[in-house]
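Each chain, letter by letter, is given below.
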Amino acid sequence: MQHVSKLPNVETTIFSIMSKLSNEHDAINLSQGFPNFKSDQALTDLVSKAMNSGYNHYAPMAGNMELREAIANKIDMLYGSKYHPEDEITVTAGATQAIFTIINTYIGRGDEVIVFKPAYDSYEPAIVLNGGKAVHVQLHAPTFKTNWDEVSAKITPRTKMIIVNTPHNPTGTIFTKEDMLQLDKITKDTDIIVLSDEVYEHMIFDDEKHQSACLFPGLKARSFVVASFCKTFHNTGWRIGYCCAPRGLMKEYMKVHQFNVFCIHHPTQKGIADYMLNPDNYLKLPAFYQKKRDLFLDLIKDSRFNFIPSKGTYFQVLDYSDITEEHDVDFAKRLTIDSRVASIPLSVFNSDNLDNKVLRFCFAKTDATLKAAAEILNRI
């Protein structure tokens, strides 16, 4: 049998490639973005309690109401922005499902979606599967700042959506207030939907403030805000997140969501709802991860790698141009095989595989792991 692939250009992800290589060579894996330490036992206990208390059947399609109320309260407390838990918040099977369903709901054949490169690798396949076209805006090392004049110039009558990601994976940069105001300005009086991927909202450093799309009334009116409990609570395998949007946008989203996953693992929702009754369980994250970032950078400050400290996420980009002129994919593989530290090359996320001689390292690791990795990097 022969079939035409709907994603003919999609190959094995760089995350799988580098993790496999890391396992084969017993390397320290700073490539994939997951912690190598445990989630809070108190949260695990609350999920177990929910199971033992009977939360084992279908949750409401939009999510457990206690959890939706906890999300609404958190957003109001942090950003002074209100979403109604009844019809403006939906619990999802991780942020990736939320992103896919948003694109699936609104993008059709011939629609254009502006994507900032380097970009997380789930965006474009979803666009392609729905017949849309990704229009790239390339961000350039070392600052990865957005040229809003270029963004504005790429908007056409076919532009249906703009996807933004702050704090940004893979670069560790953040959108400033001015960035968000520029985004608000260029989408004003249009029908463009903004998909704001904010899964690292609680990992932002140096007293910076997270500039959520919901802080800006004009943007909020046209935006889906996507977030992740998996990233926030150190349990990436649980696959649970949420999205928020004005009820008119969410109404259309729910038409697709119900046939995609319908509802999410109920005891996990209940456990997280109870865990969020103590805001310190997420408010402490910026200091927690900044301490890890600072440790990692202090440990490698005398190495031949150059860097601008990450402003958010749990990723740090390192420039290796003083070490070698190798292509970043080749150097990342050699670093894994010969030196036994795994990272992620950024060129695979860029337009035309642009190679800026930088690698992404995950510092969501135990201090012992970071020290062991830094000792190796200092010898490179």
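Placed above this text is the structure.
Heads up: these notes are all about the structure in this document.

Cut-off values and rules
Residues numbered from 1 in each chain as written. Predicted model: local features only at pLDDT ≥ 70, side-chain atom pairs only at ≥ 80, totals over all residues. Heavy atoms only, no water. Pairing = 2+ DSSP bridges. Helix = DSSP H or I, 4+ residues; strand = E, 2+ residues; numbered from the N terminus. Patch = residues over 30% accessible without salt bridge, like charges linked within 9 Å, V, L, I, M, F, W, Y side chains within 5 Å. Areas by Shrake-Rupley, 256 points an atom, 1.4 Å probe, with all protein chains shown as cover. Salt bridge = Lys/Arg side-chain N within 4 Å of Asp/Glu carboxyl O. Axes fitted to C-alpha atoms, helices over the stretch in contact; angles between N-to-C directions. Contact = heavy atoms within 4.5 Å. Parallel < 35°, antiparallel > 145°, perpendicular 65-115°, else oblique. Left-handed = near helix turned anticlockwise from the far one by under 90°. Nonpolar A, V, L, I, M, F, W, Y, C, P; charged D, E, K, R; others polar. Buried < 20%, exposed > 50% of the residue type's maximum accessible area, 1.4 Å probe, protein only.

Section: the sheet that holds strand β11 (residues 344-345)
Move 1: Taking strand neighbours across the sheet as the criterion, the three strands line up as β9-β12-β11 in an open arrangement whose pairing is antiparallel. Of all the strands in the sheet, the pair left with one neighbour each is β9 (315-319) and β11.

Some points on a nonpolar patch on the surface
Move 1: Taken together, the side chains of M77, L78 and L283 present a nonpolar region at the surface, about 240 Å² in accessible area.
Move 2: Tracing the backbone shows M77 in helix α3 (residues 65-79).

Side note on the sheet that holds strand β8 (residues 241-244)
Move 1: With respect to topology, seven strands assemble into an open sheet ordered β2-β8-β7-β6-β5-β3-β4, the strand pairing being mixed. The open sheet has two edge strands, β2 (89-92) and β4 (133-138), and neither has a second partner. The average undirected angle you get between the axes of adjacent strands in this sheet is 20 degrees.
Move 2: Taken together, the four bridges between strand β6 (residues 193-197) and strand β7 (residues 223-228) define a ladder with parallel strand orientation. Along β7, the bridge assignment pairs S196 with V225.
Move 3: Lying on the sheet, helix α7 (residues 177-187) is in contact with β5 (159-165) and β6; it crosses β5 at an angle near 175 degrees.

Describing unusual backbone geometry
Move 1: The omega torsion of the bond from T166 to P167 falls at -10 degrees, within 30 degrees of zero and hence cis.
Move 2: Mapped onto the fold, P167 is located in the loop between β5 and α7.
Move 3: Look at the link from N169 to P170: it is a cis peptide, with omega at 25 degrees.
Move 4: Residue position: P170 is located in the loop between β5 and α7.
Move 5: Positive phi, normally seen in glycine, also occurs at D352, with a value near 55 degrees.
Move 6: Counting through the fold element by element, D352 comes out in the loop between β11 and β12 (358-362).

Some words on the packing of helix α2 (residues 41-52) against helix α11 (residues 266-275)
Move 1: Across the interface, α2 lies against α11 with an axial gap of 8 Å and an inter-helix angle of 130 degrees. With respect to their mutual orientation, α2 and α11 come out oblique. At the point where α2 passes α11, the crossing takes the right-handed sense. Mapping the contact onto sequence places A42, L43, L46, V47, A50 and M51 in α2 and P267, T268, K270, G271, I272, D274 and Y275 in α11.
Move 2: Considering only residue class, the contact of α2 with α11 consists of nine nonpolar, two polar and two charged.

Brief notes about the pattern of salt bridges
Move 1: Within this structure, the stated rule accounts for 18 salt bridges.
Move 2: The salt bridge partner of E24 is K20, with a shortest N-O separation of 2.5 Å. Of the two residues, E24 and K20 are both situated in helix α1 (residues 14-24); the distance of four residues between them amounts to about one turn of the helix.
Move 3: Here K311 ties to E208 by a salt bridge, and the two come within 3.7 Å at their closest N and O atoms. With K311 in the loop between α13 (285-299) and β9 and E208 in the loop between β6 and α8 (217-220), this residue pair connects regions lying 103 residues apart in the sequence.
Move 4: E208 gets classed as partly exposed once you look at its relative accessible area, which sits at 35%.
Move 5: Three or more residues are tied together by salt bridges with common partners; here these are D206, E208, R293, D294 and K311.

Nothing here speaks to function; it is geometry throughout.
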